[in-house]
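# Structural features, examined
Single-letter residue listing:
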Amino acid sequence: NTVPAARDVCMQSRWLSHEERRYHIAAAIFRWSFKMFFYPFSSWWTPLEEVNRKAEGLCSEDHQSNSADHWVYLVQKYPHFVMTVCMVLVCFLIIPELFLEKGWLRKKLLQWDVKTDEEVKEVDGRNRSMLSVVREHEASAKGNAKRIDKLRRDVLRFHEREKKQLDDLKQQIRLEMYRLRQEVVYFHSMTQ
């Protein structure tokens, strides 16, 4: 007599018929929402009659609602299944909360991190010294970057200067070869 469907139908029938044994406020809210939801259909369909018709065959016995002894019976009859469901719920609902930003375990771990004012000052001092080292390295890196840029520009200028000198030297060699060729042609024409 504790089948959930039968229990639900009987409960709805009792609540809609104003025969509730307990939970009077919940029954009143249920009646109000039920009537408001089904009001548009009230001219041609009355859900109360439908629920009472279904409850007529089922509700001759006293259908019990869930109680603590039903849960004890369920655990005794299906211990492995209940334990598995409980473990899954713990794994997916409770354990993640322990590690979230405002989780209990995270707060406890952070409390153990620094406990006294002296430790806070010491940690603050270490943080400041580490920050100054980081800033020195950043300044050094910026200085190195400026020096590397200057060296790159110097190398490019030197390369351009060397290239210009090489081009000038090539031009001088070409002119000298042209002059020598002209002299050879002139001496050759004189000897003939």
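Note that this is a predicted model, so its numbers are computed, not measured.

Turning next to the overall build of the protein chain. The helix and strand inventory of the protein chain stands at seven helices and zero strands. In sequence order, the secondary structure elements of the protein chain are arranged as α-α-α-α-α-α-α. Looking at the protein chain residue by residue over its 192 residues, the buried ones come to 11%. In the protein chain, once contacts between residues fewer than 6 apart in sequence are set aside, the share between residues at least 24 apart is 46%.

What follows is about unusual backbone geometry. Excluding glycine, residues mostly have negative phi values, and the peptide bonds linking residues are mostly trans. Within the chain, His18 stands out as a residue other than glycine whose phi angle is a positive 60°. Its place among the elements puts His18 in the loop between helix H1 (4-16) and helix H2 (24-38).

Here the focus is the nonpolar core. In terms of nonpolar packing, the biggest core is built from seven residues, these being Trp15, Leu16, Ala27, Phe30, Phe34, Phe38 and Val51. Elements supplying a minimum of two residues to this core: H1 and H2. Residue contacts for Ala27: discarding those within four places in its chain leaves Trp15 and Glu20.

A full pass over the atoms with the stated rule returns six salt bridges. Residue Asp149 is joined to Arg152 by a salt bridge in which the shortest nitrogen-to-oxygen separation is 3.3 Å. Placement of both Asp149 and Arg152 in helix H7 (residues 117-191) is noted, with a separation of three residues, approximately one turn of the helix. A relative accessible area of 34% places Asp149 in the partly exposed class. The residue Arg179 makes a salt bridge to Glu183 at a minimum N-O spacing of 2.4 Å. Here the residue Arg179 and the residue Glu183 both occupy positions in helix H7, the gap between them amounting to four residues, near one helical turn. What makes Glu183 partly exposed here is its relative accessible area of 33%. A single network of salt bridges, built from pairs that share partners, joins Lys150, Asp154 and Arg157.

Now for H2. For H2, built from 15 residues, the straight-helix expectation of 21 Å at 1.5 Å per residue is met to within 8% by its first-to-last C-alpha distance of 21 Å. The set of residues buried in H2 consists of Ala27, Phe30, Arg31, Phe34 and Phe38. Looking straight down H2, one finds that the buried residues subtend no more than 100° of arc, so they occupy a single side. Projecting away from the buried face of H2 at angles above 90 degrees are the exposed residues Ile25, Ile29 and Trp32.

What counts, and at which threshold
- Residues numbered from 1 in each chain as written.
- Predicted model: local features only at pLDDT ≥ 70, side-chain atom pairs only at ≥ 80, totals over all residues.
- Heavy atoms only, no water.
- Helix = DSSP H or I, 4+ residues; strand = E, 2+ residues; numbered from the N terminus.
- Buried < 20%, exposed > 50% of the residue type's maximum accessible area, 1.4 Å probe, protein only.
- Contact = heavy atoms within 4.5 Å.
- Core = buried A, V, L, I, M, F, W, Y, C linked by side-chain atoms within 4.5 Å.
- Salt bridge = Lys/Arg side-chain N within 4 Å of Asp/Glu carboxyl O.
- Expected span 1.5 Å × (residues − 1).
- Arc of directions from axis to C-beta.

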